[in-house]
Amino acid sequence: MKNGVLELKKTIYIDGAEVNKIEYDFGKLKGRDVEEIFKEAISDQYMPSASYELDPVIGARFFAKAADIDYTDVKRMSLADNSHIASISRDFLIESLNEKQKNNNLLELSEYILIKEKEVKEIEYNFDELTGEDTDSVFKEATRSQYIVSSSYELDPVIGARFFAKAAGIEYDDLSKIKVADYLKASSISRSFFIISLSGDQEESN
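Residues numbered from 1 in each chain as written. Predicted model: local features only at pLDDT ≥ 70, side-chain atom pairs only at ≥ 80, totals over all residues. Heavy atoms only, no water.

Q: Would you mind going over the overall build of the protein chain with me for this structure?
A: Secondary structure summary: the protein chain contains eight helices and four strands in total. Element order for the protein chain, N to C, with α for helix and β for strand: β-β-α-α-α-α-β-β-α-α-α-α. Taking 2.2 N^0.38 as the reference for a compact globule, 206 residues should give roughly 17 Å; the C-alpha atoms of the protein chain span a radius of gyration of 18 Å, in line with that estimate. In terms of overall dimensions, the protein chain has a C-alpha envelope of 65 × 45 × 30 Å along the principal axes. In the protein chain, buried positions account for 47% of the 206 residues. By element, 44% of the accessible surface of the protein chain is carried by carbon and sulfur atoms, the whole surface being about 11700 Å². (Helix = DSSP H or I, 4+ residues; strand = E, 2+ residues; numbered from the N terminus. Rg over C-alpha atoms; globule rule 2.2 N^0.38 Å. Buried < 20%, exposed > 50% of the residue type's maximum accessible area, 1.4 Å probe, protein only. Areas by Shrake-Rupley, 256 points an atom, 1.4 Å probe, with all protein chains shown as cover.)

This is the structure we're talking about:
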């Protein structure tokens, strides 16, 4: 579910006010929020797991963004409420990652976005046009933006989105402005490409 109201099992205080329910809306999040969440987690000395969509800490951070509250407030909630929060985020992330595309090589967006001075609602991509130069470029650009690339890069949503931007011939900054669900779909497309490539049959040389 993209939005809703979480009723807390245990009341907490946020900014001096007693709170027993929290409204959240994942639909308002943008792609740039994903990178921000990961950077904040890493800066806080937490390394997100490869299967980040199942990671309760990352899930709690996503919920905090969707609810417009500070992550420290989420951490103060009861374990039962924190677990529920992680579950809400997990369902949203998994749904976004698993959403099927109708057309190959075409990402359909949930809303129009301005790219290269043109409003578009779909983005064409082609990974077959990429080379090792693009891998080098993606990793360098990510590092320059102070993003730490994990060893399981093929599962990393930010790296996946950066590769998608390359495959689509657009700037990553433009991709980071799309809805978070669309950003995750773009990342998932890259993930699928890498998993197939990494697990492809190799001919053994005699």
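Q: Hey, could you run me through unusual backbone geometry in this one?
A: In terms of backbone geometry, most residues other than glycine have negative phi values and most peptide bonds are trans. Positive phi is not limited to glycine here, since K116 has a value of about 55 degrees. Exposure remark for K116: the relative accessible area of 63% places this residue in the exposed category.

Q: Would you mind showing me how to read the packing of aromatic side chains here?
A: The full count for this structure, using the stated rule, is twelve aromatic pairs. Note on Y24 and F26: the rings are 5.8 Å apart at their centroids and 70 degrees apart in plane angle, and the pair reads as edge-to-face. Judged by relative accessible area, which is 8%, Y24 ranks as buried. Residue F26 is classed as buried on the basis of its relative accessible area of 0%. Centroid distance Y125 to F164: 5.1 Å. Interplanar angle 50 degrees. Geometry classified as tilted. (Phe/Tyr/Trp six-rings, centres within 6.5 Å; stacked < 30°, edge-to-face > 60°.)

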